[in-house]
Amino acid sequence: MKIVESSHEAYAHVHHLRCDQQKIGLVPTMGALHQGHLSLVERSQAECDVTAVTIFVNPTQFGPHEDYGRYPRTLEADLECLSQRSVDLVFVPQQPALYPAGYSTYVEPPAEAELWEGQCRPGHFRGVLSVVLKLFQILPATVAYFGQKDFQQLTVIRRMAEDFNLPIRVQGCETVRDDDGLALSSRNRYLSAEQREAALSLWKSLRWVEQAVAEGQRDVANLEQTMQQKLYDAGAEKIDYARIVDRESLASLSAVDRPSVALIAAYVGKTRLIDNLLLDAPGPPDH
Ligand code: PAF
């Protein structure tokens, strides 16, 4: 496994492989790897000739009061884990390699970024898209793999790739969950045993919505109200949003009458968790 810190070296390596007609899979991460990340690596390895992983805790996507300083950094364990899986290349830049002194160019995020996470975390998607665009340039891969747990992130990255005509395919991958349904997240390690139980409130309320829609409930205001109540009842302390939205545009809906997605961001203790579930409304509406 090749470990590279320099952007030039990473580019030269991947560019050479690309010229050699190799299919290259890219898995961008902020480290603190768990099975969710590893499932992206496995998918890339199954579909591509070469797999490159990036590990970089990107400062520009964290707000001033967010957890950049205490975000888990477990580089040694991450590298060990990737080496065991025979990943071909790991790019681990230091901050100045991506943001040298005087750096000042950022991506203006698309409309889908203005809602939900975008409202709660101003500047977040500007930071995400800027670093992702840089990574796409430095590692000119064929396909990039992102988890569907960050549904809005996946949507805005897809939109950027399309709008900027980037020569890369953005592949979303299913959320990996613990046996009890908790979506894997690097932030789960902040949770005490009691908080972990409360964190299940996200999955429980998403499953409730799924069931309610399957039984014919379509009224989004009613569904959202009950979803929020269920979150509080099961232990969430603060809800940033718990909404049912159009799956493409992420805009609010009044009825679940098209492919939709339920999106949640809620706090358990000081830990902010997100999760989502795709909803289909094949049957007849409310009666
Ligand atoms: O999802 C993440 O881990 C990050 O937002 C990403 C895409 C690696 C950009 O820093």
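Residues numbered from 1 in each chain as written. Predicted model: local features only at pLDDT ≥ 70, side-chain atom pairs only at ≥ 80, totals over all residues. Heavy atoms only, no water.

**Q** What should I look at first to understand the overall build of the chain in this one?
**A** The helix and strand inventory of the chain stands at 9 helices and 9 strands. Relative to its length of 287 residues, the chain is compact, with a C-alpha radius of gyration of 19 Å against a globular reference of 19 Å. Expressed along its principal axes, the backbone C-alpha trace of the chain runs to roughly 60 × 40 × 40 Å. Within the chain, the proportion of its 287 residues that are buried is 53%. In the chain, of all internal contacts separated by at least 6 residues, the share reaching a separation of at least 24 is 71%. Here the chain displays about 13,500 Å² of accessible surface, and carbon together with sulfur accounts for 48% of that area. Charged side chains in the chain number 28 positive and 38 negative. The centres of these two groups are separated by 2 Å. (Helix = DSSP H or I, 4+ residues; strand = E, 2+ residues; numbered from the N terminus. Rg over C-alpha atoms; globule rule 2.2 N^0.38 Å. Buried < 20%, exposed > 50% of the residue type's maximum accessible area, 1.4 Å probe, protein only. Contact = heavy atoms within 4.5 Å. Areas by Shrake-Rupley, 256 points an atom, 1.4 Å probe, with all protein chains shown as cover. Lys, Arg positive; Asp, Glu negative; His and termini not counted. Charge placed at Lys NZ, Arg CZ, Asp CG, Glu CD.)

**Q** I tried to follow the pattern of salt bridges on my own but got confused; where do I start?
**A** Close approach of charged atoms lets side chains of opposite charge pair. Scanning all chains against the criterion turns up 19 salt bridges. In this structure, R159 engages D163 in a salt bridge whose closest nitrogen and oxygen atoms are separated by 3.5 Å. Here the residue R159 and the residue D163 both occupy positions in helix α7 (residues 151–163), the gap between them amounting to 4 residues, near one helical turn. Counted as one network, the salt bridges with shared partners bring together E66, E117, R121, K238, D240 and R272. (Salt bridge = Lys/Arg side-chain N within 4 Å of Asp/Glu carboxyl O.)

**Q** Looking at this structure, how should I read the packing of aromatic side chains?
**A** Two descriptors summarise a pair of aromatic rings, namely the distance from one centre to the other and the angle between the planes of the rings. Applying the stated rule across the entire model yields 7 aromatic pairs. Chaining the aromatic ring pairs together yields one cluster made of F56, Y99, Y103 and Y106. The residue whose ring lies beneath R73 is Y68, and the NZ or CZ to ring-centre distance is 4.8 Å. Between R126 and the ring centre of Y106, over which it is positioned, the NZ or CZ distance is 4.0 Å. (Phe/Tyr/Trp six-rings, centres within 6.5 Å; stacked < 30°, edge-to-face > 60°. Lys NZ or Arg CZ within 6 Å of the ring centre and 35° of its normal.)

**Q** Got a minute to help me understand the site of the ligand in this structure?
**A** Around the ligand, the neighbouring residues are P28, T29, M30, N58, Q61, V131, V132, F146 and Q153. In the environment of the ligand, an oxygen atom lies 2.6 Å from a nitrogen or oxygen atom belonging to the side chain of Q61. Contact between the ligand and Q153: an oxygen atom at 2.7 Å from a side-chain N or O atom of the residue. A total of 290 Å² of accessible area belongs to the ligand in isolation, and the protein chains cover 89% of it. For the shell around the ligand, the secondary-structure elements that each account for two or more residues are β2 (24–29) and α6 (124–138). Here the residues of the shell around the ligand are counted per class, giving 5 nonpolar, 4 polar and no charged. (Near = heavy atom within 4 Å. Polar contact = N/O pair within 3.5 Å; in protein donor to acceptor, adjacent residues only side chain to side chain. Nonpolar A, V, L, I, M, F, W, Y, C, P; charged D, E, K, R; others polar.)

**Q** What's the story with the packing of helix α8 (residues 193–214) against helix α9 (residues 220–233) in this structure? I'm lost.
**A** Angle between the axes and distance between the axes: these two values describe a pair of packed helices. Look at α8 against α9: their axes get within 9 Å of each other, and the N-to-C directions meet at 150°. The angle between the axes of α8 and α9 places the two elements in the roughly antiparallel class. Here the hand of the crossing between α8 and α9 comes out right-handed. The residues of α9 that touch α8, namely those facing S201, L202, S205, W208, V209, A212 and V213, are L223, T226, M227, K230 and L231. (Axes fitted to C-alpha atoms, helices over the stretch in contact; angles between N-to-C directions. Parallel < 35°, antiparallel > 145°, perpendicular 65-115°, else oblique. Left-handed = near helix turned anticlockwise from the far one by under 90°.)

**Q** Got a minute to help me understand the side chain of S7 in this structure?
**A** Among the secondary structure elements, S7 is positioned in helix α1 (residues 7–19). With residues near it in sequence (within four places) discarded, S7 still touches F91, A97, L98 and I138.

**Q** Help me understand the sheet that holds β2 in this model?
**A** Working definition: the strands of a sheet are paired by backbone hydrogen bonds and lie parallel or antiparallel to each other. Pairing is parallel across the open sheet formed by 6 strands, whose spatial order is β1-β4-β3-β2-β5-β6. Strands at the two margins of the open sheet, each flanked by one partner only, are β1 (2–4) and β6 (169–173). On average, each strand axis in the sheet is tilted by 25° relative to the strand beside it, whichever way the strands run. (Pairing = 2+ DSSP bridges.)

**Q** Could you clarify how one ought to interpret the nonpolar core in this entry?
**A** In a soluble, globular protein the nonpolar side chains are often hidden away together inside. In terms of nonpolar packing, the biggest core is built from 36 residues, with F91, L98, V132, F136, L139, F146 and I157 touching the most fellow members. Going through the elements one at a time, α1, β2, β3 (50–55), β4 (89–91), α6, β5 (143–147) and α7 are the ones with two or more residues in this core. Top element by residues in this core is α6. It accounts for 9 residues. Among all residues touching F136, those that are not within four sequence positions of it are L26, A144, F146, I157, L166, I168 and V170. M227, L231, L253 and A262 belong to the second largest nonpolar core, which has 28 residues in total. (Core = buried A, V, L, I, M, F, W, Y, C linked by side-chain atoms within 4.5 Å.)

**Q** Can you help me understand the sheet that holds strand β7 (residues 238–246) in this one?
**A** If you walk across this open sheet you meet the 3 strands as β7-β8-β9, and the pairing is antiparallel. Only two strands of the sheet have a single neighbouring strand rather than two, namely β7 and β9 (271–279). Neighbouring strand axes in the sheet, compared pairwise and without regard to direction, differ in orientation by 10° on average. Where strand β8 (residues 260–268) meets β9, 9 bridges bridge the pair, whose relative direction is antiparallel. Bridge pairing links I264 to D275 in β9.

**Q** Help me understand the pairing of β6, please; the structure alone is not making it clear to me.
**A** In regular strands, side chains alternate between the two faces of the sheet. Burial within β6 is extensive, with 4 of its 5 residues counted as buried. Pairing geometry for β5 and β6, over 5 bridges, is parallel. If you follow A144 over to β6, its bridge partner there is V170. On the question of chirality, the crossover connecting β5 to the parallel β6 by way of α7 is right-handed. (Right-handed = clockwise from strand over helix to strand, strands pointing away.)

So far we have only geometry, and geometry alone does not tell us how the molecule works.
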